[in-house]
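Residue-level structure breakdown
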Amino acid sequence: MAVDPRQVVAGFLTLSMFVMLGNMIKHDHFTPPAQELSLETTGGELNEMKVADDTEMTEVNSAGVELQKETGEKIKPCWSKPSPNGQESNGFVTFSLTMGPEYHISQITDAVVIARYLRATLVLPEIRGNELGKRRKFGDMYDVDKFMMSLDGVVKVIHSLPDEVTAKKPAVIRVPNRVTEEFITETIAPIFQRNNYLRLATIISSTELLEKKICKTSGGARRSGCYYPQEVVNFMKKVGFSANTTIYLTETWWHKSLNTLKEAFPNTYTKDDIMPADNKGEFLKSGDSYLARALDLKICSQSDVFIPAIPGLFYGHVTGKRIASGLTHIIVPAPVSSTSALASEFVSTYVSKKSHLAYSCYC
C-alpha cells in the first residue's frame, strides 16, 4: 500500500451539517464583522471556548494581541489517490461510529485501511448515540455522496449489505486505533479468509476518554497541558485580549466554575445561550452529544484564533482542519511570569514545527 488511505479520508471528509448548524446560531451576541476566536479550557465539565473580538484581525489588533498575519488560503493535497484494487470484492466490512465527531475520523480511516487491504467492500456505518438503541444514519450527519466519491478507486462503498449477507452472522473483531498492517495481516486476514463478513469495533484508549472531561490523574496530579479557567483568564489578559472580547464556551450549560471568566470577560456564552429555543431539544437535550460536538468542531475549526487548553483528539482534529484551511492562529496557554507577553510566542508546535499529520497530507 504505497499511499495510506487515511490521507485520502482526512483530505476529503467533512461535516455536511456545518452550514445548517452555522445558520442556526443566534448572531445577536456577535457584532458584525465579528473576529471569531476559539479557546479550549478545562475544569469540571469545561472543555473548550471560542472567543471573539469586534475588530478586524491585523498583525496587531486593537486588543493588543500580536500574531503573524494569516494568508487565509487553503492548502492543497500533495498526494495522489492510490490505484484501484483491480479485483472483485472478497467480502464485506461493517462498523459503527461512536463517541462523537472527533472520534469518527479515526474509526472511519481504520475501516478504510482494513477494507482496502482485504479487498473488501465497505458498508456505510451507522452512528450510535450514548443511549442504548439511539442510532442515526450516516447521511444524517455526513455528506454521503461526497464521502463515497472521495473513496472512489480506494475502496468500494455501498449503502447497505445485500439481503443474502444480512442473514449471516459476522465475525466481530476488536481493532486498535490506528491499526497497523501487521495487525491486519496476522489477526484480521486469517479471520476474513474463514468468514468474509466482518464487523469492526475500534478500541479507543481510556486515557483519550478521560482527558476530555477531567484534568487530574487518579492520584490527584494535574494532567500535562491542562489549564483551569483562572489560569486561562490570566493568560488571555497578559497576551492582550481586552475585557470586551466575546467568549463562546463549548460547554452546553453554565457552571459556577465559569464565573471567573464571566467576571473578566462579561461577553461569555454557552451553547444554551446561543441556540434558538426551537432547536435546543434536538441539539442539547437529545440524549447524545453528536450534534453539539459537531457545532463545537465547526466553530473552533473556522474561528480566527484557536487556543487549546486541554490535549486530546478534539484539539488534534481541529488543528488539522485549520491547517488545511490556512487558519494557523493556534495559541497554546502557558504560565506567563511577566505582566505582558506576545501571543506569537505561544503558537502551537503543531504549526511552528509543522509537526501535525496535516503537513504530510497537504502542501
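What you see is a predicted model; the values in this text were computed from it and never measured.

1. So, helix H3 (residues 101-118)
Over its 18 residues, H3 runs 26 Å from end to end, which matches the ideal 26 Å to within 8%, given 1.5 Å per residue. Here H3 lies mainly inside the structure; 17 of its 18 residues are buried. With its phi angle positive at about 55°, Arg119 sits one or two positions after the end of H3.

2. Things to note about helix H13 (residues 313-325)
For H13, with 13 residues, the first-to-last C-alpha span of 18 Å sits near the 18 Å given by 1.5 Å per residue. Burial of H13 is extensive: 10 of the 13 residues sit out of reach of the surface. Considered for burial, the residues of H13 that qualify are Leu313, Phe314, Tyr315, Gly316, Val318, Thr319, Gly320, Arg322, Ile323 and Ala324. Gly326 lies just past H13 and shows a positive phi near 80°.

3. Quick word on the packing of aromatic side chains
Scanning all chains against the criterion turns up 5 aromatic pairs. Their ring planes at 50° and their centres at 5.1 Å tell us that Phe138 and Phe147 sit as a pair that is tilted. What makes Phe147 buried here is its relative accessible area of 4%. A network of ring pairs unites the aromatic residues Phe138, Tyr142 and Phe147 as a single cluster. If you follow Lys262 out to its NZ or CZ, it ends over the ring of Trp254, 5.7 Å from the centre. The cationic tip of Lys262 hangs over the ring face of Tyr269; the distance from NZ or CZ to the ring centre is 5.1 Å.

4. Description of unusual backbone geometry
Even without being glycine, Arg119 reaches a positive phi, approximately 55°. Overall, the relative accessible area of 29% leaves Arg119 in the partly exposed class. Non-glycine residue Arg178 carries a positive phi angle of around 60°. Tracing the backbone through its elements, the reader meets Arg178 in the loop between strand E8 (171-176) and helix H6 (181-194).

5. Describing the nonpolar core
Generally speaking, soluble globular proteins have nonpolar side chains that are buried together. Within the largest apolar cluster, 35 residues are counted, with the highest numbers of intra-cluster contacts made by Ile114, Leu118, Leu122, Phe138, Val155 and Ile188. Of all the secondary structure elements, the ones that give two or more residues to this core are strand E3 (92-97), H3, helix H4 (144-150), E8, H6, strand E9 (197-203) and helix H12 (290-302). Counting residues per element, this core draws most heavily on H3, which supplies 7 residues. With residues near it in sequence (within four places) discarded, Leu122 still touches Val93, Phe95, Ala111, Val112, Ala115, Val155, Lys156, Val157 and Ile158. Core analysis: the second largest hydrophobic core is formed by 21 residues, Phe235, Leu258, Leu261 and Ile331 among them.

6. Considerations on the confidence of the model for the protein chain
Across the protein chain, the average pLDDT comes to 75, with 69% of residues at or above 70. Within the protein chain, the lowest mean pLDDT, 41, falls on helix H2 (residues 18-24), and the highest, 96, falls on strand E4 (residues 121-123). A low-confidence stretch, residues 6-25 (pLDDT under 50), is modelled with 61 contacts involving residues beyond four sequence positions or located in other chains. Residue range residues 52-62 is modelled with pLDDT below 50. Its contacts to residues more than four positions away, or to other chains, number 35 contacts.

7. Re the pattern of salt bridges
Within this structure, the stated rule accounts for 5 salt bridges. A salt bridge links Arg135 to Glu126; the shortest N-O distance between them is 3.4 Å. Among the residues examined, Glu126 registers a relative accessible area of 22% and is labelled partly exposed. One salt bridge in this structure joins Glu126 and Arg199, with 3.6 Å as the shortest N-O distance. Separated by 73 residues along the polypeptide, Glu126 in strand E5 (residues 126-128) and Arg199 in strand E9 bring together distant segments of the chain. Connected via shared salt-bridge partners are Glu126, Arg128, Arg135 and Arg199.

8. A closer look at the side chain of Thr319
Turning to its location among the elements, Thr319 is positioned in helix H13. Here Thr319 falls in the buried class, since its relative accessible area comes to 0%. A polar contact of 2.7 Å, which involves the side chain of Thr319, links it to the backbone oxygen of Tyr315. Once you skip the residues sitting within four places of it in the chain, Thr319 turns out to touch Phe306, Ile330, Tyr350 and His356.

9. Some remarks on the packing of H3 against H12
Running from N to C, H3 and H12 cross one another at 90°; their axes reach a closest spacing of 9 Å. As summarised for this structure, H3 and H12 are arranged roughly perpendicular, according to the angle between their axes. The segment H3 lies against H12, with Pro101, Glu102 and His104 engaging Tyr290, Arg293, Ala294 and Leu297. The residue inventory of the contact of H3 with H12, partitioned by class, reads 4 nonpolar, 1 polar and 2 charged.

The rules behind each value
- Residues numbered from 1 in each chain as written.
- Predicted model: local features only at pLDDT ≥ 70, side-chain atom pairs only at ≥ 80, totals over all residues.
- Heavy atoms only, no water.
- Helix = DSSP H or I, 4+ residues; strand = E, 2+ residues; numbered from the N terminus.
- Expected span 1.5 Å × (residues − 1).
- Buried < 20%, exposed > 50% of the residue type's maximum accessible area, 1.4 Å probe, protein only.
- Phe/Tyr/Trp six-rings, centres within 6.5 Å; stacked < 30°, edge-to-face > 60°.
- Lys NZ or Arg CZ within 6 Å of the ring centre and 35° of its normal.
- Core = buried A, V, L, I, M, F, W, Y, C linked by side-chain atoms within 4.5 Å.
- Contact = heavy atoms within 4.5 Å.
- pLDDT = per-residue confidence, 0-100.
- Salt bridge = Lys/Arg side-chain N within 4 Å of Asp/Glu carboxyl O.
- Polar contact = N/O pair within 3.5 Å; in protein donor to acceptor, adjacent residues only side chain to side chain.
- Axes fitted to C-alpha atoms, helices over the stretch in contact; angles between N-to-C directions.
- Parallel < 35°, antiparallel > 145°, perpendicular 65-115°, else oblique.
- Nonpolar A, V, L, I, M, F, W, Y, C, P; charged D, E, K, R; others polar.

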